[in-house]
Amino acid sequence: MEYSPTSLKCYRFFERACKYRVATQQDKFLRNNWQKEERIRAQDMEDSATHSVVLREAFLGNGNGSDGVEAIQSAILKVLTRVTRFQVRVQKHIDDNYTEFMPNHTSPDIFLEESASLTREILDLLETVGREGLGALEEANDKLAKSEKQLREILLGLAVSEHVLKIDELFQCVEDAKAIKDYLVILDLVSRLRAYIYGDDARERDGDSPVGSQEVRRVFQFLDCYETIRVKYHVQAHLLQQSLQERFDRLVQLQSKSFPTSRCVTLQVSRDEAQLQEIVQALFQESYNPVRLCEFLLDNCIEPLILQPVMAEYSEDADGGSNVRLSLSYATNKPSSIQLRPSYKQVLENFRLLLQTLSGINSNVSNGQHVFSIIGDHVKDKMLQLLVKECLIPAVPETMEEYQSSTLCEDVTQFEQLLADSFIINPEQDRALSQFVEQYDTFYRNRLFRRVLETAREIIQRDLQDMVLVAPNNGSTEVASDPFLFPRCMISKSAQDFVKLMDRILRQPTEKVAKGDTDPLVGVISVMLHTYIDEVPKVHRKLLDSIPQQAVLFHNNCMYFTHWIAQHADKGIESLAALSKTLQSTGRQHFRVQVNYQSSILMEIMHDFEFESPHTLGSGPLKLVRQCLRQLELLKNVWANVLPEKVYNATFCELINTFVAELIRRVFTLRDISATMACELSDLIDVVLQRAPSLFGEPNEVVQVLSWQKLQQLKAMMNASLKEITELWCDGAGPLTANYKSEEVRHLIRALFQDTDRRAKAITQIG
């Protein structure tokens, strides 16, 4: 408790005065003063003995109203005189004790007895006068009314004097109780002193009378001794609090020793229950501030128990069985890794040891309030917040196997009951732990989502080039007979792991999902696949653009995911149709980019295809054709066993067609083809016709190339006579009409044959 400088000054002055009071050199003055007071008190007792006689003479002696009034006034004056003398002696007693600080050994009990006697006499006098008698006498003489007012003023003065004397008596009782160290009695006396001094709405303990009326307390606060009494009360209250705290600190020892990298905290509680309960019940009252104790427990015990690994040593027989001791040792540097976080079971067990150690002080101090509830008011909010956020939520399972075996909810419920039984929390108001249990499934799903997405992103980062064969028995024939089969092809090993992860999600326990409701965990699958679609092109962008096999594998992965979604269409996957379309379009888009890129490579090679001479082909064109075929063979090596057979055949038909169409176009640019060149062109085309079928698993698949028959017919015309070409056209009904226009045939005739009547006739027939 803190005091103002003025209060402390008064306190020090009071201490000096007290020392002065007990000085032996003042004993003679004290004896003389006591003898004088005894003589005055004897005189007042003699006057009191005649009080009843006066009253009888006033009301029974004669019937003269005027004489009766005079007798009553005389009796009142006598009482007033005695009260005045009594107040003078009380005033001197109070001044000696609280103003002048003179030596005074007079007991307040003497004054209290005399005050009670005077009060009874005044009340008897007022009762004798009565309202009716007073009304009758007032008709004779209104002086009696003034006498009544005077009596009530005297009564108020006596009440104030008695109020001060009771306070003085309580101060002496406090000193007596301190001598025998009865702290509960001292606490009760100090509480009563506060009621008398500050006018609390309290009542006397031995009776049910109020500590003083409002008017008495108001007059008391204007007395000269009020400030001194108030300061003396605060001194006594402070000394009591200090003494209780010292005794408490001896019985409950809280120590913390810090080292460069660690700290050792020791809590030792006495097993002397009787003494401990007495001190605790006296200390933990409304005026006690437990902030220091609560801060020690929060900073040195509660927070470390939650946030970092703690080694706890508990002993019930410390110091020969006289104490209960708990030692906590932990590192002071913050954990550098989440792996250093203590397990929730260890945290809860250490909390139980802490509560068990301090259970000796958990007394019922007032109105059902326990010490732990007082401590809890200061620490429970932060304790529960840290416990849930830093211990329980990180302990929520993040895999389905852990979820099925976890006892976290049961453990938390039991721990909450322990806190409630210990009165640290009110379970109806402090629902942090209950809310955690209620939201446990949500926390689990969130952690599972996060773990799944983290795993998915880790899978996405893996190399696409690491391949695995899927559906090895589903060839083109099997797929053609059953379109729901996924064709034989290669996919990335990461894609297979991705699918396994999604399968695990679908296998997660669904006992707590209401019948007919969609399992919320299924929603994460849609998020995973969208993440795959968005992230793979970013993470592997350079490889997708430059390495043919990467794009093919990404295409196959997307098709594989699409097939997986179709197989699990009944699982409630969000936006299933849109997701399937997105996967297909994304895979095909990147595959198309790679196909176009390969086509551009072939066209770039053919860009240098030129005829060195109108009479001979030269070595350049043949070299370029072989280069194109070599490029296609290299592409076959990386695509043949990766793409599904149907997709592979269609893709190579497109690429070969691009190459063949360009070759045919280049031939048709010649305006004059000699017999030698025609023979060389035939050989050149024959190279393509010989090697291109080997690019397919089934050579006959080459006929699916759009320009394949046109190339074969071009070779035939290079070796054919004018008549044979005319017959192949056959007036627009021959085989040439399937691939050539009449203009193209006439152009080729002009290039191959000299200008003769026969050529003109043939051109006319074809035209």
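Thresholds, definitions, all that
- Residues numbered from 1 in each chain as written.
- Predicted model: local features only at pLDDT ≥ 70, side-chain atom pairs only at ≥ 80, totals over all residues.
- Heavy atoms only, no water.
- Buried < 20%, exposed > 50% of the residue type's maximum accessible area, 1.4 Å probe, protein only.
- Helix = DSSP H or I, 4+ residues; strand = E, 2+ residues; numbered from the N terminus.
- Pairing = 2+ DSSP bridges.
- Axes fitted to C-alpha atoms, helices over the stretch in contact; angles between N-to-C directions.
- Contact = heavy atoms within 4.5 Å.
- Salt bridge = Lys/Arg side-chain N within 4 Å of Asp/Glu carboxyl O.
- Polar contact = N/O pair within 3.5 Å; in protein donor to acceptor, adjacent residues only side chain to side chain.
- Phe/Tyr/Trp six-rings, centres within 6.5 Å; stacked < 30°, edge-to-face > 60°.

Participant: Whenever I open this one, the pairing of strand β7 (residues 467-470) confuses me. Can you help?
Facilitator: On β7, burial follows the alternation: V468 and V470 on one face are buried, whereas M467 and L469 on the facing-out side are not. Pairing of β7 with strand β8 (residues 489-492) involves four bridges; the strand directions are antiparallel. Among the inter-strand pairings, V470 is bridged to a residue of β8, identified as C489.

Participant: I tried to follow the sheet that holds strand β2 (residues 262-270) on my own but got confused; where do I start?
Facilitator: By definition, the strands of a sheet pair up through backbone hydrogen bonds, in either a parallel or an antiparallel sense. Here four strands make up an open sheet; going across it, the order is β1-β2-β4-β3 and the pairing antiparallel. Unpaired on one side and paired on the other, β1 (252-258) and β3 (311-317) mark the two borders of the sheet. Across this sheet, the average inter-strand angle for adjacent strands is 10 degrees, counted without regard to direction. Bridge count for β2 against strand β4 (residues 323-331) is nine bridges, and the pairing is antiparallel. Looking across to β4, one finds that S270 is bridged to N323. Against the sheet, helix α10 (residues 226-251) contacts β1 and β2, and its axis sits at roughly 70 degrees relative to β1. Helix α14 (residues 344-358) contacts β2, β3 and β4 of the sheet and is inclined by roughly 30 degrees relative to β3.

Participant: Sorry if this is basic, but what is going on with the environment of Y444 here?
Facilitator: Relative to the assigned elements, Y444 resides in helix α19 (residues 440-461). Between the alpha carbons of Y444 and V396 there is a distance of 5.9 Å; along the sequence they are 48 residues apart.

Participant: How should I be thinking about unusual backbone geometry in this particular structure?
Facilitator: Keep in mind that most residues, glycine aside, have a negative phi and that most peptide bonds are trans. With a phi close to 70 degrees, F423 is a non-glycine residue in the positive phi region. With respect to the element layout, F423 can be found in the loop between α17 (408-421) and α18 (432-438).

Participant: Honestly, the pattern of salt bridges in this entry has me stumped. Any pointers?
Facilitator: For side chains bearing opposite charge, pairing can occur when the charged atoms are close. Tallying each qualifying case throughout the model produces 25 salt bridges. The residue K493 makes a salt bridge to D497 at a minimum N-O spacing of 3.3 Å. A residue pair is termed a helical-turn pair when its members lie 3 or 4 positions apart in one helix, as K493 and D497 do in helix α21 (residues 493-506) at four residues. A residue is classified by how much of its surface remains accessible, and K493, at 29% relative accessible area, is partly exposed. Between R592 and E654 there is a salt bridge whose closest N-O contact spans 2.7 Å. Of this pair, R592 sits in helix α25 (residues 576-606) while E654 is found in helix α27 (residues 645-667), placing the two residues 62 residues apart along the sequence. Judged by relative accessible area, which is 34%, R592 ranks as partly exposed.

Participant: What am I meant to see in the side chain of D430 here?
Facilitator: Residue position: D430 is located in the loop between α17 and α18. There is a polar contact of 3.0 Å between the side chain of D430 and the side chain of K380. Among all residues touching D430, those that are not within four sequence positions of it are K380, L384, E416 and I425.

Participant: It is not clear to me how the packing of aromatic side chains should be interpreted in this structure. Could you clarify?
Facilitator: Each aromatic ring pair is described using two quantities: the centre-to-centre distance and the angle formed by the ring planes. Applying the stated criterion to the full structure yields 15 aromatic pairs. Both rings, one in Y648 and one in F652, keep their centres 4.4 Å apart while their planes meet at 35 degrees; by these two values the pair is tilted. Within this pair, Y648 and its partner F652 are both found in helix α27, separated by four residues, close to a single helical turn. Note on accessibility: Y648 and F652 belong to one class, buried.

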